[in-house]
Amino acid sequence: MREAGACVADLGRRVFFNGSVGGSMDAIATATAEAEAMGLPNSRFEVLDVTRLPSEPKLDLITAFDAIHDQADPAAVLDNIRRALADDGLFVMIDFKFS
């Protein structure tokens, strides 16, 4: 991971600091306000289509908790996660066997 901080994304309903993916616009607004109140100017929150994750900047950590099985094409989302990760990046996933 970067010494100056990590590029992190959470795919799903929750919001994390440093580049979140997922969540409602209300959650994004709340997270942005909380980060500003905590003096974290390098934090950014967004809602993105997980089937079109950007390949840059490379992400150091991607999490997906109870979210992959809800995707129309889970395999495509997992392929996009791999492309979005830095070479030494981590993907942490917890999911259920549903379909």
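Structure's up top.
The present account deals with the structure reproduced in this document. (Residues numbered from 1 in each chain as written. Predicted model: local features only at pLDDT ≥ 70, side-chain atom pairs only at ≥ 80, totals over all residues. Heavy atoms only, no water.)

### Topic: the nonpolar core
Part 1 of the argument: By size, the foremost hydrophobic cluster in this structure holds 13 residues, and its most contacted members are Leu-11, Leu-59, Ile-62 and Ile-81.
Part 2 of the argument: Looking at this core, the elements with two or more residues in it are β1 (8-11), β4 (59-65) and α2 (74-84). (Core = buried A, V, L, I, M, F, W, Y, C linked by side-chain atoms within 4.5 Å. Buried < 20%, exposed > 50% of the residue type's maximum accessible area, 1.4 Å probe, protein only. Helix = DSSP H or I, 4+ residues; strand = E, 2+ residues; numbered from the N terminus.)

### Section: helix α1 (residues 25-37)
An α-helical turn contains 3.6 residues, so a residue and the one three or four places further along point in the same direction.
Part 1 of the argument: Relative to the 18 Å expected for 13 residues at 1.5 Å per residue, α1 spans 18 Å between its end C-alpha atoms, a close match to the ideal helical length.
Part 2 of the argument: Where α1 is concerned, the buried positions are Ile-28, Ala-31 and Ala-35. Seen along its axis, α1 keeps its buried residues to an arc of 65°; they face one direction. Residues of α1 that are exposed and point more than 90 degrees away from the buried face comprise Asp-26, Glu-36 and Ala-37. (Expected span 1.5 Å × (residues − 1). Arc of directions from axis to C-beta.)

### Describing α2
Part 1 of the argument: Among the residues of α2, those classed as buried are Val-77, Asn-80, Ile-81 and Ala-84. All buried residues of α2 project into a common sector of 105° when viewed along the axis, lining one side.
Part 2 of the argument: Buried residues in α2 make contact with β1, β4 and β5 (85-94). (Contact = heavy atoms within 4.5 Å.)

### Notes on the sheet that holds β4
Part 1 of the argument: Taking strand neighbours across the sheet as the criterion, the three strands line up as β1-β4-β5 in an open arrangement whose pairing is parallel. Strand pairing shows two members of the sheet lacking a second neighbour, β1 and β5, which therefore form its edges. Strand-to-strand twist in this sheet, taken as the mean axis angle between neighbours without regard to direction, amounts to 15°.
Part 2 of the argument: As judged from the four bridges shared by β1 and β4, these two strands associate in the parallel manner. Looking at the pairing, Asp-10 lines up with Thr-63 of β4.
Part 3 of the argument: Each of β1, β4 and β5 is contacted by α2, which is oriented at about 145° to β5, the strand it contacts most. (Pairing = 2+ DSSP bridges. Axes fitted to C-alpha atoms, helices over the stretch in contact; angles between N-to-C directions.)

Function cannot be inferred from these measures alone, as they are strictly geometric.
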